[in-house]
Amino acid sequence: KRNYPYNTLLSHTIGFVGIDNQGLSGLELKYDEYLTGSDGSIKYFSDAKGNSLSMSQIYEQPQSGVNMTLTINYELQEALERELDVAVSEYNPDQALGIAMDPDTGEILAIASRPDFSPRQYQNYTVEEINRNLPIWMTYEYGSTFKFVTYTAGLEEKVFNTNEHFFCSGFRVVDGTRIRDWKAGGHGDETFFEV
């Protein structure tokens, strides 16, 4: 039997099982054949009425499924989910997601998206709510959210300073590809600090 002691925590990633203990979403579905054990049995000879004959019996012990260990850090997962809940209650977005990854190993330490659901009562949710593991399947262009990475790298390498000016025309050609700004016509003259 599956048990979900933390209820909605990590719900999209873990997924859930149906009433027959078959994985229906998330890791429960992906690794169902490994997580599901096998039933035990007693094989014996019987007469036409089902009465056991005094012949040898064969007992096959039930086998537990394998244990799966994730790289999720419980404290980070709890913090990420709490912050997503705060963001949803404050800004009421259509969706919210977050991932915390160890940059040295690539291990996922926390992963969550909103809206979430309770694997214990998956029947009370829509298919869209259950199947929205946004960090896994949603594509997203980093855009401005990645500016701070290149900005801090540029400052650290002394490529520019915060008061230096440049002109944003609304696009830039990089290796023959025209990359457009979200704002038609660009932002004009700005300092790196203003960017």
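Here is a short report on the structure shown in this document. Not measured: the values here are computed from a predicted model. For every chain, the first residue of the written sequence is number 1, and numbering continues from 1 along that sequence. Where totals are concerned, whole chains, interfaces and linings use all residues; where local detail is concerned, this predicted model gives features only for residues with pLDDT of at least 70, and gives and counts side-chain atom pairs only at 80 or more. Note that water and hydrogens are dropped before the side-chain values are worked out from all heavy atoms of the structure.

**A word on the packing of aromatic side chains**
Each aromatic pair joins two rings of Phe, Tyr and Trp (for Trp, the six-membered one) with centres within 6.5 Å, and gets the label stacked for planes under 30 degrees apart, edge-to-face for over 60, and tilted for any other angle. In the structure shown here, the tally under the stated rule is 8 aromatic pairs. Aromatic pair Tyr6 and Tyr74: ring centres 5.0 Å apart, planes at 45°, arrangement tilted. Here the residue Tyr6 occupies a position in the segment before helix 1 (11-14), and Tyr74 occupies one in helix 4 (residues 74-91), the gap between them amounting to 68 residues. A network of ring pairs unites the aromatic residues Phe16, Phe117, Tyr122 and Tyr125 as a single cluster. Runs of H or I in DSSP of at least four residues are treated as helices and runs of E of at least two as strands, each being numbered from the N terminus.

**Thoughts on the pattern of salt bridges**
Salt-bridge detection follows one rule: a side-chain nitrogen of Lys or Arg within 4 Å of a carboxyl oxygen of Asp or Glu. On inspection of all chains with the given rule, the structure shows 6 salt bridges. Of the charged contacts, one joins Arg114 and Glu81 as a salt bridge, the two residues approaching to 2.9 Å between their closest N and O atoms. With Arg114 in strand 6 (residues 108-114) and Glu81 in helix 4, this residue pair connects regions lying 33 residues apart in the sequence. The partner of Arg114 in a salt bridge is Asp85, with the nearest N and O atoms 2.6 Å apart. Within this pair, whereas Arg114 is found in strand 6, its partner Asp85 is found in helix 4, the two being separated by 29 residues in sequence. Relative accessible area serves as the criterion here: at 6%, Arg114 is assigned to the buried category. For Asp85, a relative accessible area of 40% puts it in the partly exposed group. One network of salt bridges, in which partners are shared, links Glu81, Asp85, Arg114 and Asp116. A simple rule labels every residue: compare its accessible area, found with a 1.4 Å probe on the protein chains alone, to the largest value its type can have, and call it buried under 20%, exposed over 50%, or partly exposed in between.

**Considering the nonpolar core**
Core analysis: the largest hydrophobic core is formed by 6 residues, namely Tyr4, Phe16, Val17, Phe117, Tyr122 and Ile130. Contacts are assigned to residue pairs with any non-hydrogen atoms lying within 4.5 Å of each other. In contact with Tyr4, not counting residues within four places along its chain, are Ile14, Gly15, Phe16, Val17, Glu28, Pro119 and Arg120. Here, nonpolar core means buried Ala, Val, Leu, Ile, Met, Phe, Trp, Tyr and Cys residues that are tied together by side-chain atoms lying within 4.5 Å of each other. By size, the runner-up hydrophobic cluster in this structure holds 5 residues, among which are Leu84, Ala96, Ala110 and Ala112.

Geometry only, nothing functional implied.
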